[in-house]
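Each chain, letter by letter, is given below.
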Amino acid sequence: MTPEPTAPASHTTQLLDVFQHEVAVFARRAEQTRLAGLGPARNSMDRAAYLLLSRLDQDGPTGVKALAAGMGIDSSTVTRQVAPLVDSGLVSRSADPDDGRAVVLSLSPRGSERLDEVRSSRRDLMSALTQDWTEEEMTTFCVLLARLNSAISHLSQRPAGDQ
């Protein structure tokens, strides 16, 4: 018996295959190289610390629960990840004036300075990686990457049965 010929994959299916493969390659290369900048600040701050400091810089002093919710992680993870940042003086911890049992986290002046150094290093890396891109291409990529990150965030927040 001869096998039945299979229908050619649709253009959308082929595109999705290429897309998922490129995302997988990007994730592996990003982890291998840590895409953590150029110069003296290269690889000087892990991803969790960078994201926490960036969020505190963006939002200002924030409670642990609000910080966790904004980052899409649980409070215990924030508490564990922020402890070394407090110990190293990059983050300040104080009692919440509205609820003495709660903690408010804020970026310290030292944390702000380190974050600026790391951002500059990472900006230099992005500049080197995209040196032959037009501003329009960079803008389009940023918009689409932010859209993908948002979709991933929304999907991960849905109950497991709804996915």
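These figures come from a predicted structure and were not determined experimentally.

Undergrad: Before we move on, can you summarise the overall build of the protein chain with the specific residues and values?
TA: Of regular secondary structure, the protein chain possesses six helices and three strands. Taken from N to C terminus, the helices and strands of the protein chain fall in the order α-α-β-α-α-β-β-α-α. Within the span of the protein chain, comprising 163 residues, buried residues form 23% of the whole. Pairs at least 24 apart in sequence give 50% of the contacts found in the protein chain among residues at least 6 apart. With the model as given, the accessible surface of the protein chain reaches about 11,800 Å², and the carbon-plus-sulfur share is 56%.

Undergrad: Would you mind going over the nonpolar core in detail, with residue names and values included?
TA: The biggest cluster of nonpolar side chains holds 19 residues, and the ones touching the most others in it are Leu53, Val78, Leu85, Val91 and Leu105. If you list the elements that add at least two residues to this core, you get helix 2 (47–59), helix 3 (64–71), helix 4 (75–87), strand 3 (103–107) and helix 5 (109–129). Examining the composition of this core, we find that five residues originate from one element, helix 2, more than from any other. Among all residues touching Leu85, those that are not within four sequence positions of it are Ala49, Leu52, Leu53, Leu90 and Val91.

Undergrad: Explain the sheet that holds strand 2 (residues 91–95) to me, and be specific about the residues and the numbers.
TA: Spatially, 1-3-2 is the arrangement adopted by the three strands of the open sheet, whose pairing is antiparallel. Because the sheet does not close on itself, it has two edges, and the strands there are strand 1 (62–63) and strand 2. Where strand 2 meets strand 3, five bridges bridge the pair, whose relative direction is antiparallel. Looking at the pairing, Ser92 lines up with Ser106 of strand 3. Contacts from helix 4 reach strand 2 and strand 3, with the element oriented near 115° to strand 2.

Undergrad: Now, about the packing of helix 2 against helix 3: what can you tell me, with residues and values included?
TA: Contact geometry for helix 2 and helix 3: axes closest at 11 Å, N-to-C directions at 110°. With respect to helix 3, the element helix 2 is oriented roughly perpendicular. Regarding helix 2 and helix 3, the two cross each other, and that crossing is right-handed. Listed contacts from helix 3 to Leu51, Leu52, Arg55 and Leu56 of helix 2 are Leu67, Gly70 and Met71. Here the residues of the contact of helix 2 with helix 3 sort into five nonpolar, one polar and one charged.

Undergrad: Tell me about the pairing of strand 3, residues and numbers included.
TA: Strand 3 sits mainly inside the fold: four of its five residues count as buried. In this structure, strand 1 lies alongside strand 3, joined through two bridges in antiparallel fashion. What sits directly across from Thr62, in strand 3, is Leu105.

Criteria and thresholds
- The numbering scheme is per chain: residues are counted from 1 as the chain's sequence reads.
- Reporting of local features is limited, given that this is a predicted model, to residues whose pLDDT is at least 70; pairs of side-chain atoms are given and counted only at 80 or more, and all residues count toward the totals for whole chains, interfaces and linings.
- Just so you know, side-chain values use all the structure's heavy atoms and leave hydrogens and water out.
- The helix and strand labels rest on DSSP assignments: H or I over at least four residues marks a helix, E over at least two residues marks a strand, and numbering proceeds from the N terminus.
- Note on exposure labels: buried denotes an accessible area under 20% of the residue type's maximum, exposed denotes more than 50%, and partly exposed covers the range between, all computed with a 1.4 Å probe on protein chains only.
- What makes two residues a contact is simply this: any of their non-hydrogen atoms within 4.5 Å.
- Method for areas: the Shrake-Rupley scheme with a 1.4 Å probe, in which residue coverage is limited to the protein chains shown.
- Definition used in this section: a nonpolar core is a set of buried Ala, Val, Leu, Ile, Met, Phe, Trp, Tyr and Cys residues joined via side-chain atoms within 4.5 Å.
- Note on pairing: DSSP must find at least two bridges between two strands before they are called paired.
- Here the axes come from fitting lines to C-alpha atoms, over the contacting stretch only for helices, and the angles between their N-to-C directions go from 0 to 180 degrees.
- Note that the term roughly parallel is reserved for angles under 35 degrees, roughly antiparallel for angles over 145, roughly perpendicular for angles of 65 to 115, and oblique for everything else.
- Crossing handedness follows the turn of the near helix against the far one: under a right angle anticlockwise gives a left-handed crossing, and clockwise gives a right-handed one.
- When residues are sorted by character, Ala, Val, Leu, Ile, Met, Phe, Trp, Tyr, Cys and Pro go into the nonpolar class, Asp, Glu, Lys and Arg into the charged class, and all the rest, Gly among them, into the polar class.

Don't take any of this as a statement about function, it's just geometry.
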